Amino acid sequence: MVIRRGLRSILVTFALYLVSSAVVGYFLFHAQHGARGLETLGGLREKFGEMETEIAALTSERQDWEKRLTLMRDEAVDRDVLEERARAILGRVHRNDVVVMGR
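So, a few notes on the structure that sits alongside this text.

For the rest of this paragraph, the subject is the overall build of the protein chain. Of regular secondary structure, the protein chain possesses 3 helices and 0 strands. Seen in sequence order, the protein chain has helices and strands lined up from the N terminus as α-α-α. Here the protein chain has a C-alpha radius of gyration of 35 Å; the compact-globule value for 103 residues is 13 Å, and the former is much larger. Reported as C-alpha extents along the three principal axes, the dimensions of the protein chain are approximately 115 × 40 × 15 Å. Side-chain charges in the protein chain split into 16 positive and 15 negative, and the spacing between the mean points of these groups amounts to 14 Å.

Here you go:
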């Protein structure tokens, strides 16, 4: 009986260590590879960098468009911008323009 109690206490202790190490291993695995893990964090940082460059490009494009719109909105419309837009919409060219046809 004394041997059984000693063996039982060793087995129970071993089982507790085994279960607790399995739980810790489970959480460590998901901390590294899970949906909110460290690997996912690196991917999100790369996406964030790409989006920041895209935002910078779109911001500069928006500023260009705003500059062109201010030329069109003033009381005295810029003649070059007006002529450019009219040619683009109507599909016309001036007789002194050189037209280069691509393939």
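Picking up after the structure, the text goes on.
What follows deals with the packing of aromatic side chains. Overall, the coordinates contain 1 aromatic pair when judged by the stated rule. Between the NZ or CZ atom of arginine 68 and the centre of the ring of tryptophan 65, over which it lies, the distance is 5.5 Å.

As a further point, take the pattern of salt bridges. Any two side chains of opposite charge can pair, given that their charged atoms come close. This model, assessed by the stated rule, comprises 3 salt bridges. With a shortest N-O distance of 3.1 Å, glutamate 84 and arginine 68 are connected by a salt bridge. Of this pair, glutamate 84 sits in helix α3 (residues 79-90) while arginine 68 sits in helix α2 (residues 38-73), and the two are 16 residues apart along the sequence. With relative accessibility at 43%, the residue glutamate 84 sits in the partly exposed group. Judged by its relative accessible area of 31%, arginine 68 falls in the partly exposed class. For the salt bridge of glutamate 83 with arginine 87, the shortest nitrogen-to-oxygen distance reads 2.6 Å. Taken together, the positions of glutamate 83 and arginine 87, both in helix α3 and 4 residues apart, correspond to about one turn of that helix.

Turning our attention to α3. For α3, which comprises 12 residues, the first-to-last C-alpha distance of 16 Å matches the rise-based estimate of 16 Å (1.5 Å per residue) to within 8%. Immediately downstream of α3, the backbone of glycine 91 shows phi near 75°, a positive value.

What follows covers a nonpolar patch on the surface. Together, Val19, Val23, Tyr26 and Phe27 make up an exposed nonpolar region whose accessible area comes to about 420 Å². Overall, the relative accessible area of 53% leaves valine 19 in the exposed class.

Between α2 and α3, the least distance of the axes is 9 Å, while the angle of their chain directions is 105°. By the angle between their directions, the pair α2 and α3 is classed as roughly perpendicular. Two secondary-structure elements touch here, α2 through Arg68, Leu71 and Met72 and α3 through Val81, Leu82, Glu84 and Arg85. Classifying every residue of the contact of α2 with α3 gives 4 nonpolar, no polar and 3 charged.

Relative to the elements of secondary structure, glutamate 66 occurs in helix α2. Between the alpha carbons of glutamate 66 and valine 99 there is a distance of 29 Å; along the sequence they are 33 residues apart.

Cut-offs applied
- Residues numbered from 1 in each chain as written.
- Predicted model: local features only at pLDDT ≥ 70, side-chain atom pairs only at ≥ 80, totals over all residues.
- Heavy atoms only, no water.
- Helix = DSSP H or I, 4+ residues; strand = E, 2+ residues; numbered from the N terminus.
- Rg over C-alpha atoms; globule rule 2.2 N^0.38 Å.
- Lys, Arg positive; Asp, Glu negative; His and termini not counted.
- Charge placed at Lys NZ, Arg CZ, Asp CG, Glu CD.
- Phe/Tyr/Trp six-rings, centres within 6.5 Å; stacked < 30°, edge-to-face > 60°.
- Lys NZ or Arg CZ within 6 Å of the ring centre and 35° of its normal.
- Salt bridge = Lys/Arg side-chain N within 4 Å of Asp/Glu carboxyl O.
- Buried < 20%, exposed > 50% of the residue type's maximum accessible area, 1.4 Å probe, protein only.
- Expected span 1.5 Å × (residues − 1).
- Patch = residues over 30% accessible without salt bridge, like charges linked within 9 Å, V, L, I, M, F, W, Y side chains within 5 Å.
- Areas by Shrake-Rupley, 256 points an atom, 1.4 Å probe, with all protein chains shown as cover.
- Axes fitted to C-alpha atoms, helices over the stretch in contact; angles between N-to-C directions.
- Parallel < 35°, antiparallel > 145°, perpendicular 65-115°, else oblique.
- Contact = heavy atoms within 4.5 Å.
- Nonpolar A, V, L, I, M, F, W, Y, C, P; charged D, E, K, R; others polar.

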